[in-house]
Amino acid sequence: MLIKYCLVGILLLLLSSTAGGRIIIVDNSRKEDFSSIQEAIDTAISGDIVVVDEGQYTENIVVNKELSIISNSTNPEDVVIRPRNPEDSIFSVQANNVTIEGFTLSGMKGKGNGIWLYDSIGCSLKNNIISGNFWGIFLESSDENTIESNFLNDNDRCGIFLVESHQNLVENNNINNQYDGLVLDSSNSNILRDNLICENSNLGIMLRDDSNGNQLYENKMNNNMFNFGDVGGFNEIDRSNLVNGKSIIYLNGVSDIRIDVSSNAGTVCCYDCDNITVKDLVVSNNSCGVSFYNAERIILHNLSCTNNGHGIYLMDCSDCTISNCSVQNNSHAGIYLDDSKKCLVEKNKVFYNYYGIYLNADDCELNQNTVVKSTIGIMSGIANSNLIENNGIYNNDIGISFYLSDNNEVENNEFSMNKEFGIFLQHSWNNSITSNTINQNDVGIRFKESSINNSVSGNYLSDNEECFIGEKENSLFNNTCTNANGEHFLSFMYPVDLIFVIIGASWLQMHRN
């Protein structure tokens, strides 16, 4: 006990000599100056030090002046603050150079924050235990603050969340059992160092919405649903950052390199790269297993991508090859080509994803892939002039879905045992669907909402509840259809098409004579 008070006394001496302020004591037994932290803050002037004795306090505290608020114990469990109103923050800070140190902030499972900083600069949040809040620590439009050596667990939404906050240091925090661990949203030039982020039910560390220029060193992310993700852009993330014990490989503007099993990569993320080969890796439990942005000449071969948000994600990429990969159990897309072109996707096994393969891409080829047990096997969303051939697409809710997609060729594929549609077209035109086997779906081919001028020929449809729905204004000919009731027929051109053929043939015959 004597050692504890000596240490606190030294800290107070250092703070008072630096700030030159008064020391105000808070004790809820009413033995000292104040029994309420808020009363002490209201009385204090900028530069004062508010010291809170051991005990339990129930209040929502607003800090609107430059103060140091510290506990009188080296053990945060000795000074517990709970909110009087669980829907409000325990500490709401709208001032610069505020220190909050050495408390347990228990939020009673409301919608409030443990500590909320708004438009604040130069604050220090250290050595606190923060649990049971909606957000643990929330920085909004706050810069040049330090968040250090805090223990955050069991907050409903996020342990540490920075939005539009820049040049902050987040160091040596333990963040576990939240929904999200540590998230930067539109926040730049922050340093995240030596944090341990574990067992969060969604994200470990996520950089999103143009969070750029951040530096990450020696962070460890273990057993989060998605350990790491960066959808923001240009950050500095070295290999000392680990996801389930493997290194994050994060590259900006590099070319002519190969990444294989010797790299011990747990995830790969590349921006503005050229001529990169990634092969023989096992990557799992990240926002994206492997991701490339604005890249060219990328080869991805023999990868195992499981339990990520996206297994493989390419955005604004061209001349890429994805081959012989096993892509399974990803919550969004197994393989996602976003605003990309001239990519080859071949001989991959794509199982149990929401979207097996998602195409928002042009002039690509999908060949010899097996796509099984996804909500939508292949999603073609605003994708044009792609060739989709020789794929096996089985046991999905929808085999392939076209939305706002034109001039694609679908040839020699097998669509079988999909629960709803083998092929589904919505607002899609001028596609060619030729020589496919379409078996045991609820509906073989479904046209919907202005899907016109598509050519459907030479397909074999059997044991579907219905062969076609909504096929008017499309050209269907030489398809063999046997529905589930055993009715067998050939589909030829529709009468309006046949009339034009007859007129055309007659015109040619007259002019030959």
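Model, not experiment: these values are computed from the prediction.

A.B. asks: Could you give an account of unusual backbone geometry, naming the residues involved and the relevant values?
C.D. replies: With glycine set apart, most residues show a phi of negative sign, and most peptide bonds adopt trans. One non-glycine residue with positive phi stands out, namely Asp363, at about 60 degrees. Relative to the elements of secondary structure, Asp363 occurs in the loop between β42 (355–362) and β43 (365–367). In this structure Asp363 comes out as partly exposed when scored by relative accessible area, which is 44%. Even without glycine at this site, Asn430 takes up a positive phi of about 60 degrees.

A.B. asks: Can you explain the pattern of salt bridges? Please cite residues and give values.
C.D. replies: Throughout the structure, instances matching the rule amount to ten salt bridges. Residue Asp156 pairs with Lys109 through a salt bridge whose shortest N-O separation is 3.2 Å. Note that Asp156 is positioned in the loop between β15 (151–153) and β16 (158–163) and Lys109 in the loop between β9 (104–106) and β10 (113–118), a separation of 47 residues in sequence. Classification of Asp156 as partly exposed rests on a relative accessible area of 34%. Exposure remark for Lys109: the relative accessible area of 44% places this residue in the partly exposed category. What you see here is one network of salt bridges that share partners, running through Lys109, Asp154 and Asp156.

A.B. asks: Quick one: what's the story with the packing of aromatic side chains, residue by residue and with numbers?
C.D. replies: Think of a pair of aromatic rings as described by two things: how far the centres are apart, and how the planes are tilted against each other in angle. Enumeration over the complete set of coordinates arrives at 15 aromatic pairs. Taken together, a centroid distance of 5.2 Å and an interplanar angle of 90 degrees make the contact between Phe138 and Phe161 edge-to-face. With Phe138 in strand β13 (residues 135–140) and Phe161 in strand β16, the pair connects residues that are 23 residues apart, well separated along the chain. A single burial state applies to Phe138 and to Phe161, both of which are buried. Ring centres of Tyr354 and Tyr355 lie 4.8 Å apart, and the angle between their planes is 85 degrees; this geometry places the pair in the edge-to-face category. Judged by relative accessible area, which is 15%, Tyr355 ranks as buried. Through successive ring pairs, a cluster of aromatic residues spans Phe234, Tyr250, Tyr271, Tyr293, Tyr313, Tyr336, Tyr354, Tyr355 and Tyr358.

Rules and cut-offs
- Residues numbered from 1 in each chain as written.
- Predicted model: local features only at pLDDT ≥ 70, side-chain atom pairs only at ≥ 80, totals over all residues.
- Heavy atoms only, no water.
- Helix = DSSP H or I, 4+ residues; strand = E, 2+ residues; numbered from the N terminus.
- Buried < 20%, exposed > 50% of the residue type's maximum accessible area, 1.4 Å probe, protein only.
- Salt bridge = Lys/Arg side-chain N within 4 Å of Asp/Glu carboxyl O.
- Phe/Tyr/Trp six-rings, centres within 6.5 Å; stacked < 30°, edge-to-face > 60°.

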